[in-house]
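# Fold and geometry: a report
So the chains spell out like this:
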Amino acid sequence: MVFKMLSQKALQITPSPTLAIDSKAKQMKAEGKDVIGFGAGEPDFDTPVHIREAAISAINDGFTRYTPASGIPELKKAICNKFFKDNGLSYEPQQIVVSNGAKHSLDNVFAALLNEGDEVIVPSPYWVSYPELIKLNDGIPLVVKTKKENGFKLGKAELEKAISPRTKALIINSPSNPTGQVYTRSELEEIASLALKHNFYLVSDEVYEKIIYDGKEHFSIASLGEEIKDLTIIVNAVSKTYAMTGWRIGYTASNQKIASAMADIQSHATSNPNSIAQKAATAAISGPQDCIEEMRQSFEKRKDYMYQFINNLPLVSCIEPHGAFYAFVDIKETFSRNFRGIKIENGNNFAELLLEHYTVALVPGDGFGAPDYIRLSYATSMENMVTGLERLKSFLSELI
Ligand SMILES: *Cc1c(COP(=O)(O)O)cnc(C)c1O
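Residues numbered from 1 in each chain as written. Predicted model: local features only at pLDDT ≥ 70, side-chain atom pairs only at ≥ 80, totals over all residues. Heavy atoms only, no water.

### Describing the pairing of strand 4 (residues 140-145)
In regular strands, side chains alternate between the two faces of the sheet. Our working definition: Strands are labelled as partners when DSSP assigns at least two bridges between them. A run of H or I in DSSP counts as a helix once it spans at least four residues, and a run of E counts as a strand once it spans at least two, with each numbered from the N terminus. The handedness of a crossover follows from its direction of travel: if, with the strands pointing away from the viewer, the path from the first strand over the helix to the second runs clockwise, the crossover is right-handed.
Of the strand pairs in this sheet, strand 3 (residues 119-124) and strand 4 are connected by six bridges, and their pairing is parallel. Within strand 4, the residue paired with Pro-123 across the bridge is Val-144. Of the crossover connections in this fold, the one passing from strand 3 over helix 6 (residues 129-136) to the parallel strand 4 is right-handed.

Here is the structure:
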């Protein structure tokens, strides 16, 4: 029997490359191989104790039924307080939609905004899921390449060139995964002025807001004024901030129309995010915040080490990350060199050779729209990092 074809959406989707390499590394580890993983897109810390305890209490208190689809009032209120305190932004609880992680929030955003043929400007290097999520929601990702010299940040001229009558939205991700770069207030002002002039939405992915270094400050583009706030959908999550990736709680703040649309979409697609995780997220956001600073300091030490180590290596270089937990490394100079008789042609076979021969896992830049790069996560212990980087050094020294 010949089955009917799957949907075009299904046929066009590519699996998340970051998860793919991670699962291969995990499989090698399970086979007893001593793999050093630089692939992880998540903090290596355990969720802080007071947050875990809130979840245990929720279970024991029987908080195990459906909740309102877009989140429980106490969590929405805690999120509103967070926006006011951290970002100087006033939202009402009904402007908040709590979802199953920031990834789900982004899916809701595009479902609420996009019609077939609508364009979303995506600066590259970009986080792997943006183009796929836009396509899944009938939009067209319009990828705009940014320059390393400009810190991989989208400039006014580049943006202006990409804008068309079909432009529905622009994605901003600061601090950025994968580049670690942070937009300044004045850079965001330039972008905001174009958004107002041409009337398109801003999707601001701020999941790394708290993981920021070198005295840099996170600034939310929504805080540039009431008009720009109305055009902005902020996406955030407890995932990276509180080492809660597995709990799956993300959220948005937006104008009321968009929030209601997203809440309605979610009410049919998934209903509420996990009730217990919502209680845990409430404890995370409204509880003591010193756990964040402890993790941040630890990340910063590792960042300093990795950044310096990489820039002392031959053939590769990276610009200093100021946020998130990744080094984005230019490996172009290794292309057309040979490793034990095999020619290195791109980031993918660089990563494969390194994993196979030196059991070091990292993510090739292809999935981020930057084939000349690799991404190394430093969300791993200092000890692992030292071993893994020494292996990378040996690998590079073999290239002729
Ligand atoms: C991890 C990540 C997300 C998704 O976060 P979840 O809450 O785990 O879904 C979204 N955006 C960026 C840039 C990320 O790195």
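Following the structure, the description resumes.
### A closer look at the site of the ligand
The following threshold applies: Put simply, a residue is near a molecule or strand once any heavy atom of it comes within 4 Å of that molecule or strand. Here a polar contact means two N or O atoms within 3.5 Å. Within protein one must be a hydrogen donor candidate and the other an acceptor candidate, and residues neighboring in sequence count only if both atoms are side-chain atoms. Here the Shrake-Rupley method, with its probe set to 1.4 Å, supplies the accessible areas, and only the displayed protein chains count as covering residues. For this classification, Asp, Glu, Lys and Arg are treated as charged, while Ala, Val, Leu, Ile, Met, Phe, Trp, Tyr, Cys and Pro are nonpolar and the rest, including Gly, are polar.
As a structural note, the neighbourhood of the ligand is formed by 14 residues, with Ala-102, Asp-205, Tyr-208, Ser-239 and Lys-240 the closest of them. At 2.7 Å from an oxygen atom of the ligand is found a main-chain nitrogen or oxygen belonging to Ala-102. Take Lys-103: an N or O atom from its main chain is 2.9 Å from an oxygen atom of the ligand. When the ligand is considered free in solution it has 390 Å² of accessible area, and contact with the protein chains removes 94% of it. When grouped by side-chain class, the residues that make up the shell around the ligand number six nonpolar, four polar and four charged.

### With respect to the side chain of His-322
For clarity, the cut-off: For every residue, the accessible area obtained with a 1.4 Å probe (protein chains only) is divided by the maximum for its type, and the residue is called buried under 20%, exposed over 50%, and partly exposed between those limits. Contacts are assigned to residue pairs that have any heavy atoms within 4.5 Å of one another.
Here His-322 lies in the loop between strand 9 (317-318) and strand 10 (326-330). Exposure remark for His-322: the relative accessible area of 15% places this residue in the buried category. Residues contacting His-322, with those up to four places away along its chain left out, are Gly-180, Gln-181, Val-182, Ile-212, Tyr-213, Asp-214 and Lys-216.

### Examining helix 11 (residues 275-286)
Here is the rule we go by: Take the residue count of a helix, subtract one, and multiply by 1.5 Å to get its expected span.
With twelve residues, helix 11 ought to run about 16 Å at 1.5 Å a step, and its terminal C-alpha atoms sit 17 Å apart, in line with that. Here helix 11 has its buried residues at Ser-275, Ile-276, Ala-277, Gln-278, Ala-280, Ala-281, Thr-282, Ala-283, Ala-284 and Ile-285. Residues of helix 11 that are buried sit in contact with helix 3 (49-60), helix 4 (73-87) and strand 8 (250-253). Its side-chain oxygen at 2.8 Å from the backbone nitrogen of Ile-276, Asn-274 defines the N-terminal cap of helix 11.

### Brief notes about the domain arrangement of the protein chain
Stated formally: Per the annotation, domain bounds derive from an automatic or database assignment of domains. Here's the idea: put two parts together, see how much 1.4 Å probe accessible area each one loses, and the total over both is what we call buried area. Just to be clear on terms, a salt bridge is a Lys or Arg side-chain nitrogen sitting within 4 Å of an Asp or Glu carboxyl oxygen.
Annotation of the protein chain at the domain level lists domain 1 (8-46 + 291-397) and domain 2 (49-286). Look at where the C-alpha atoms of domain 1 and domain 2 centre, and you get two points 26 Å apart. Counting residues at the interface gives 39 residues for domain 1 and 35 residues for domain 2. Surface buried jointly by domain 1 and domain 2 totals about 3,100 Å² across both partners, of which 61% is contributed by carbon and sulfur atoms. Where domain 1 touches domain 2, the interface holds three salt bridges. The salt bridge involving Lys-9 is made with Asp-138; its shortest N-O contact spans 3.5 Å. Taken together, the links from domain 1 to domain 2 amount to 17 residue pairs in polar contact (both at pLDDT 80 or more). For the side of domain 1 that touches domain 2, the secondary-structure elements that each account for two or more residues are helix 1 (8-12), helix 2 (17-30), helix 12 (290-311), strand 10 and strand 15 (373-377). Considering only residue class, the side of domain 1 that touches domain 2 consists of 19 nonpolar, ten polar and ten charged.

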